[in-house]
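Structural characterization, general
These are the residues of each chain, in order.
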Amino acid sequence: MTSAKKTTVARKVVVKRGSRAPEYEPVLEDNRPVYHQKIRVGDLETDPRLDAQRMFQRPWANKLAAKWNPKVLMAAIVSKREDGRYYLLDGQHSTKVALEKHGPDFERHCMVYEELTQPEEAALFLAANRDRKAVKPVDNYRVALTAGEPLVKRVDAEVLSCGLTVTGSTSPNQIGAVQAVLAIGEKRPQLLTKVLTTLEQAWGRDQSSWDNMMIRAVGMVILTNWKKEEADPRVDLNRLASVLRKRTVRQWKTDAVRATPSGGGSQSRSQPLAENIVTSYNIGFTDTSQLILAPGRGAGA
């Protein structure tokens, strides 16, 4: 008769401030310790030789830093090796941000595994990163709204002020382009409102009016011609709507796709689309009244 695997349930242990002892007694799975512990970020390392670790990406770390909130920092997954050192399996970027913002003595929650082989470390990395279902943008939006994130609250209020809602699909009264409304909304308060009202004036309350690419492009046009010290953009929104109305959304997009290397995506296509809109708007205008558009991807891409 085979014996059952030895398993214990985690029980909280009171420890003194500054102690490095685990805050929870180990949970033994297959006779190897697994436990929760707070560890100094200065003691958390990455192993460049470890296949179960992605390359550090500064742009992603910068995004984490921009919305940093240590109170909601999730636990890192750590392997404690035989030499007593802690190696990160998941949480490299957030640990780097914590180190830069708070210094090496900042303690973060960690789930610590001991006595792991390298294949087991790799399997844990996959379980934490690959083997989980990606969260849809609209679900992130809803959760952020419930959490009271300022940007999402403001964006949602601006969308509602136009008689619209952000959902997982697009209809005459619903916007499914979640990432587009957030990208435009974060640039400047009331920019999104002006974009949505202009699109409705151009094509009415139609499903095609709330196109991802068109929202980005029109936002780019308005923002680039809106100085920080001005209450309103220099672009004539009535004229802009009239220019847009001369063609369908599909026609505008088709030309923009042709002008984009390899077809591009919604973000890259928004630049040539915005350029085409500005060119059409400027026809018949004097130099002082013409719109401009910043080179490259633009402010709203």
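Calculation rules
- Residues numbered from 1 in each chain as written.
- Predicted model: local features only at pLDDT ≥ 70, side-chain atom pairs only at ≥ 80, totals over all residues.
- Heavy atoms only, no water.
- Axes fitted to C-alpha atoms, helices over the stretch in contact; angles between N-to-C directions.
- Helix = DSSP H or I, 4+ residues; strand = E, 2+ residues; numbered from the N terminus.
- Left-handed = near helix turned anticlockwise from the far one by under 90°.
- Contact = heavy atoms within 4.5 Å.
- Nonpolar A, V, L, I, M, F, W, Y, C, P; charged D, E, K, R; others polar.
- Buried < 20%, exposed > 50% of the residue type's maximum accessible area, 1.4 Å probe, protein only.
- Pairing = 2+ DSSP bridges.
- Arc of directions from axis to C-beta.

1. A few points about the packing of helix α7 (residues 191-203) against helix α8 (residues 212-224)
- At a minimum axis distance of 9 Å, the contact between α7 and α8 shows a crossing angle of 115 degrees. As α7 packs across α8, the resulting crossing turns out to be right-handed. For the pair α7 and α8, the contacting residues are Leu 191, Lys 194, Val 195, Thr 198, Leu 199 and Trp 203 in the first and Met 214, Ile 215, Val 218, Gly 219, Ile 222 and Leu 223 in the second.
- Of the residues contributing to the contact of α7 with α8, the split by class is nine nonpolar, two polar and one charged.

2. Observations concerning unusual backbone geometry
- Residue Glu 115 is not a glycine yet carries a positive backbone phi of 60 degrees.
- Positive phi outside glycine occurs at Gln 190, with the angle close to 75 degrees.
- Along the polypeptide, Gln 190 turns up in the loop between α6 (178-185) and α7.
- Residue Gln 190 is classed as partly exposed on the basis of its relative accessible area, which comes to 40%.

3. Considering the pairing of strand β6 (residues 107-114)
- Taken together, the seven bridges between strand β2 (residues 32-40) and β6 define a ladder with antiparallel strand orientation. Within the sheet, the bridge partner assigned to Arg 40 lies in β6 and is Glu 107.
- As defined by bridge partners, strand β4 (residues 76-80) adjoins β6 across five bridges and the pair is classed as parallel. Across the sheet, residue Val 78 finds its bridge partner in β6, namely Val 112.

4. With respect to helix α4 (residues 137-147)
- Within α4, burial applies to Val 138, Tyr 141 and Ala 144. Looking down the long axis of α4, one finds its buried residues gathered within 125 degrees of arc, a one-sided arrangement. Projecting away from the buried face of α4 at angles above 90 degrees are the exposed residues Val 143, Thr 146 and Ala 147.
- Buried residues in α4 make contact with α5 (150-161), β7 (165-166) and α6.
- Remark: Gly 148 follows α4 within two positions and exhibits a positive phi of approximately 80 degrees.

5. A few points about the pairing of β4
- Counted residue by residue, β4 has four buried out of five residues, so it is predominantly covered.
- Alignment of β4 against strand β5 (residues 86-90), held across four bridges, turns out to be antiparallel. Opposite Lys 80, over in β5, you have Tyr 86 as the bridge partner.
- Hairpin remark: β4 followed by β5, antiparallel, with five residues in the connecting loop; positive phi at Gly 84, about 85 degrees.

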